[in-house]
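Spelled out, the chains give:
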Amino acid sequence: MTAKRLRVGVMGGTFDPIHHGHLVAASEAASTLGLDEVIFVPTGQPWHKKPVSSAEHRYLMTVIATAANPQFNVSRIDIDRPGTTYTIDTLRDLASQYPDADLVFISGADAIAQILAWKEIDQIWSLAEFIAVSRPGHVLELPEAPEGTISVLEVPALSISSTNIRSRAEEDKPIWYLVPDGVVQYIAKHQLYRGNK
Ligand code: NAP
């Protein structure tokens, strides 16, 4: 008898900082798509922008935010790989770490909308299926991808955004309940997002 293949979610993002929108999206994806596990993978150096916080801060906040959920794990693969982060490398590394799993890459709809410009896109399709998480009512034009490779998942809590949280922290406004309590305390302790403007 052949063993059932695992379905593993790969939650890719800058997570600067991680917030409840990301966590609800991962939880919703796990339940809707029947995932056995969700691995959060904070990007190293994204090709298109410079994160405000160091990879180590973003990684640690992601660990704090996901610690209580036994279905959630965090991987260092992107932050430990030297150079620019490309999803093709993320998926190849995870495919060799999880040879018995089908990978489901989950990210923001605005990020997935640009997927055709990603490195080695022709090779990417065979490595994972893609879930573009979006808030209800957000009109999204899906890129022309092979049939069945990209789906949309609507997540109401995604009206929370990392950009907004960074601005609030900068202006000394409360960020309680937008991010997990431990992340509020981590941001305060390390004085993240102060003096961004
Ligand atoms: P981004 O451009 O910072 O984010 C675009 C939008 O998606 C933002 O509204 C963002 O909200 C949201 N978002 C990002 N990650 C999300 C997640 N996991 N769940 C729900 N919403 C999310 O995108 P990014 O964070 O830099 O990149 C997203 C992923 O795509 C990363 O894994 C990255 O490595 C990959 N990517 C790969 C390539 C490539 O291979 N060439 C190029 C671009 C991106 P918040 O700001 O609130 O998170």
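From a predicted model like this one, the values you see are computed outputs, not experimental measurements.

**Describing the sheet that holds strand 7 (residues 128-134)**
For sheets, the rule is that strands pair by backbone hydrogen bonds, running either parallel or antiparallel.
Then comes step 1: In space, the six strands of this open sheet follow the order 4-2-1-6-7-8, with parallel pairing throughout. The sheet is open, and its two borders are formed by strand 4 (72-74) and strand 8 (150-154), each paired with just one other strand. The average undirected angle you get between the axes of adjacent strands in this sheet is 30 degrees.
Then comes step 2: As judged from the six bridges shared by strand 1 (residues 6-13) and strand 6 (residues 101-108), these two strands associate in the parallel manner. In the sheet register, L6 faces strand 6, and the bridge partner there is A101.

**Some details on the site of the ligand**
Then comes step 1: Close to the ligand lie 25 residues, the nearest being H19, H22, W47, K49 and S162.
Then comes step 2: With respect to the ligand, the side chain of H19 contributes an N or O atom lying 2.8 Å from an oxygen atom.
Then comes step 3: The contact in question runs from an oxygen atom of the ligand to an N or O atom on the backbone of S162, over 2.8 Å.
Then comes step 4: When isolated, the ligand has an accessible area of 860 Å², and the protein chains bury 87% of it.
Then comes step 5: Counting residues per element, the ones that place at least two in the shell around the ligand are strand 1, strand 6 and helix 5 (109-112).
Then comes step 6: Of all the elements, strand 6 adds the most residues to the shell around the ligand, at four residues.
Then comes step 7: Looking at the shell around the ligand, its residues break down into nine nonpolar, 13 polar and three charged.

**Quick notes on helix 1 (residues 20-33)**
Then comes step 1: End to end, helix 1 covers 19 Å across 14 residues, agreeing with the expected 20 Å (1.5 Å per residue, within 8%).
Then comes step 2: Residues of helix 1 that are buried include every one of G21, H22, L23, A25, A26, A29 and A30, and no others.

**A short note on helix 2 (residues 55-66)**
Then comes step 1: For helix 2, spanning twelve residues, the distance from its first C-alpha to its last is 16 Å, which sits close to the expected 16 Å at 1.5 Å a residue.
Then comes step 2: Buried positions along helix 2 lie against helix 1, strand 2 (37-42), strand 4, helix 3 (77-80) and helix 8 (181-189).

**So, the packing of aromatic side chains**
Then comes step 1: With the rule as written, the count across this model stands at five aromatic pairs.
Then comes step 2: Pairing F105 with F130 gives two aromatic rings, centres 5.7 Å apart and planes at 55 degrees, and the pair type is tilted. Of this pair, F105 sits in strand 6 while F130 is found in strand 7, placing the two residues 25 residues apart along the sequence. Each member of the pair, F105 as well as F130, carries the same accessibility label: buried.
Then comes step 3: Connected via pairs of aromatic rings, a cluster forms that spans F105, W118, W125 and F130.
Then comes step 4: The ring of Y59 carries the charged tip of R76 above its face, separated from the ring centre by 4.7 Å.

**Structural notes on the pattern of salt bridges**
Once their charged atoms are close, side chains differing in charge can pair, the charge on each being opposite to the other.
Then comes step 1: Scanning all chains against the criterion turns up ten salt bridges.
Then comes step 2: With a shortest N-O distance of 3.1 Å, D80 and R76 are connected by a salt bridge.
Then comes step 3: By relative accessible area, which is 47% here, D80 ends up partly exposed.
Then comes step 4: Given the relative accessible area of 28%, R76 is considered partly exposed.
Then comes step 5: Between D89 and K119 there is a salt bridge; the shortest N-O distance is 4.0 Å. A residue pair is termed long-range when its members are at least 10 positions apart, and D89 in helix 4 (residues 87-97) and K119 in the loop between helix 5 and helix 6 (121-124) qualify at 30 residues.

Here is what the cut-offs are and how they apply
- Residues numbered from 1 in each chain as written.
- Predicted model: local features only at pLDDT ≥ 70, side-chain atom pairs only at ≥ 80, totals over all residues.
- Heavy atoms only, no water.
- Pairing = 2+ DSSP bridges.
- Helix = DSSP H or I, 4+ residues; strand = E, 2+ residues; numbered from the N terminus.
- Axes fitted to C-alpha atoms, helices over the stretch in contact; angles between N-to-C directions.
- Near = heavy atom within 4 Å.
- Polar contact = N/O pair within 3.5 Å; in protein donor to acceptor, adjacent residues only side chain to side chain.
- Areas by Shrake-Rupley, 256 points an atom, 1.4 Å probe, with all protein chains shown as cover.
- Nonpolar A, V, L, I, M, F, W, Y, C, P; charged D, E, K, R; others polar.
- Expected span 1.5 Å × (residues − 1).
- Buried < 20%, exposed > 50% of the residue type's maximum accessible area, 1.4 Å probe, protein only.
- Contact = heavy atoms within 4.5 Å.
- Phe/Tyr/Trp six-rings, centres within 6.5 Å; stacked < 30°, edge-to-face > 60°.
- Lys NZ or Arg CZ within 6 Å of the ring centre and 35° of its normal.
- Salt bridge = Lys/Arg side-chain N within 4 Å of Asp/Glu carboxyl O.

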